[in-house]
Amino acid sequence: MTLGSPLGIAGLIFDRLVPAPVRGQGVRPPAVRAWTNVADRRDVVALVKELEPLFGGIDDVPVDNGPKAHDAAPYLTSEEVGRADRPS
């Protein structure tokens, strides 16, 4: 699970990942069976809200953290995070 992740920011994070993305497609960690990405639309750290197009197989879920867009507490206490699929 990623919360307010900066992974999709081109030129700053995404293009510097190891292993490097190939033709705009990032490489998922092999041990990750299920990936939920949660982002608030106002979270300035998560400039790219949807990671699914960059990595594939990600469940992108929007949340509203109110005035604390990148604060961990609203992310961790959100219904969306509580409902996120977990691998079996």
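Just so we're clear, the structure is a prediction, and the values are computed from it rather than from any experiment. (Residues numbered from 1 in each chain as written. Predicted model: local features only at pLDDT ≥ 70, side-chain atom pairs only at ≥ 80, totals over all residues. Heavy atoms only, no water.)

Trainee: I keep staring at the nonpolar core and nothing clicks. Help me out?
Mentor: In summary, soluble globular proteins display a tendency toward joint burial of nonpolar side chains. Among the nonpolar cores identified, the biggest contains seven residues, and these are Val38, Ala39, Ala46, Val61, Val63, Tyr75 and Val81. Sequence-distant contacts of Ala46, that is, excluding residues within four places in its chain, are made with Gly4, Ser5 and Ala39. With six residues, the next largest nonpolar core counts Phe14, Trp35, Leu54 and Ile58 among its residues. (Core = buried A, V, L, I, M, F, W, Y, C linked by side-chain atoms within 4.5 Å. Buried < 20%, exposed > 50% of the residue type's maximum accessible area, 1.4 Å probe, protein only. Contact = heavy atoms within 4.5 Å.)

Trainee: Explanation requested: the sheet that holds strand S2 (residues 35-40) in the structure shown.
Mentor: Backbone hydrogen bonds are what pair the strands of a sheet, in a parallel or an antiparallel way. One open sheet accounts for three strands, arranged S1-S2-S3; its pairing is parallel. Two strands lie at the open edges of the sheet, namely strand S1 (2-3) and strand S3 (58-63), each paired on one side alone. Summarising the sheet, S2 and S3 pair through six bridges and their orientation is parallel. Residue pairing for S3: Asn37 is matched across the bridge by Asp60. (Pairing = 2+ DSSP bridges. Helix = DSSP H or I, 4+ residues; strand = E, 2+ residues; numbered from the N terminus.)

Trainee: Can you help me understand a nonpolar patch on the surface in this one?
Mentor: A surface patch of nonpolar side chains, amounting to about 280 Å² of accessible area, comprises Val44, Val45 and Leu47. Mapped onto the elements, Val45 comes out in the loop between S2 and helix H1 (52-55). (Patch = residues over 30% accessible without salt bridge, like charges linked within 9 Å, V, L, I, M, F, W, Y side chains within 5 Å. Areas by Shrake-Rupley, 256 points an atom, 1.4 Å probe, with all protein chains shown as cover. Salt bridge = Lys/Arg side-chain N within 4 Å of Asp/Glu carboxyl O.)

Trainee: I keep staring at the environment of Lys49 and nothing clicks. Help me out?
Mentor: Tracing the backbone shows Lys49 in the loop between S2 and H1. For the pair Lys49 and Gly8, spaced 41 residues apart in sequence, the C-alpha separation works out to 7.8 Å. The contacts of Lys49, once residues within four sequence positions are left out, are Asn37, Ala39, Asp40, Arg41, Asp43 and Asp60.

Trainee: What exactly am I supposed to notice about the pattern of salt bridges here?
Mentor: Side chains that differ in charge, positive against negative, can pair when their charged atoms come close. Under the definition given, this model contains three salt bridges. Residue Arg42 is joined to Asp40 by a salt bridge in which the shortest nitrogen-to-oxygen separation is 3.3 Å. Among the residues examined, Arg42 registers a relative accessible area of 34% and is labelled partly exposed. Among the charged side chains, a network of salt bridges with common partners joins Asp40, Arg42 and Asp64.

Trainee: Which parts of the structure should I look at to understand the confidence of the model for the chain?
Mentor: Interpreting fine coordinate detail is not advised for predicted regions of low pLDDT. Residues at a pLDDT of 70 or more form 97% of the chain, whose mean pLDDT is 94. Considering each helix and strand of the chain separately, the mean pLDDT is smallest for helix H3 (residues 79-83), with a value of 92, and largest for H1, with 98. (pLDDT = per-residue confidence, 0-100.)

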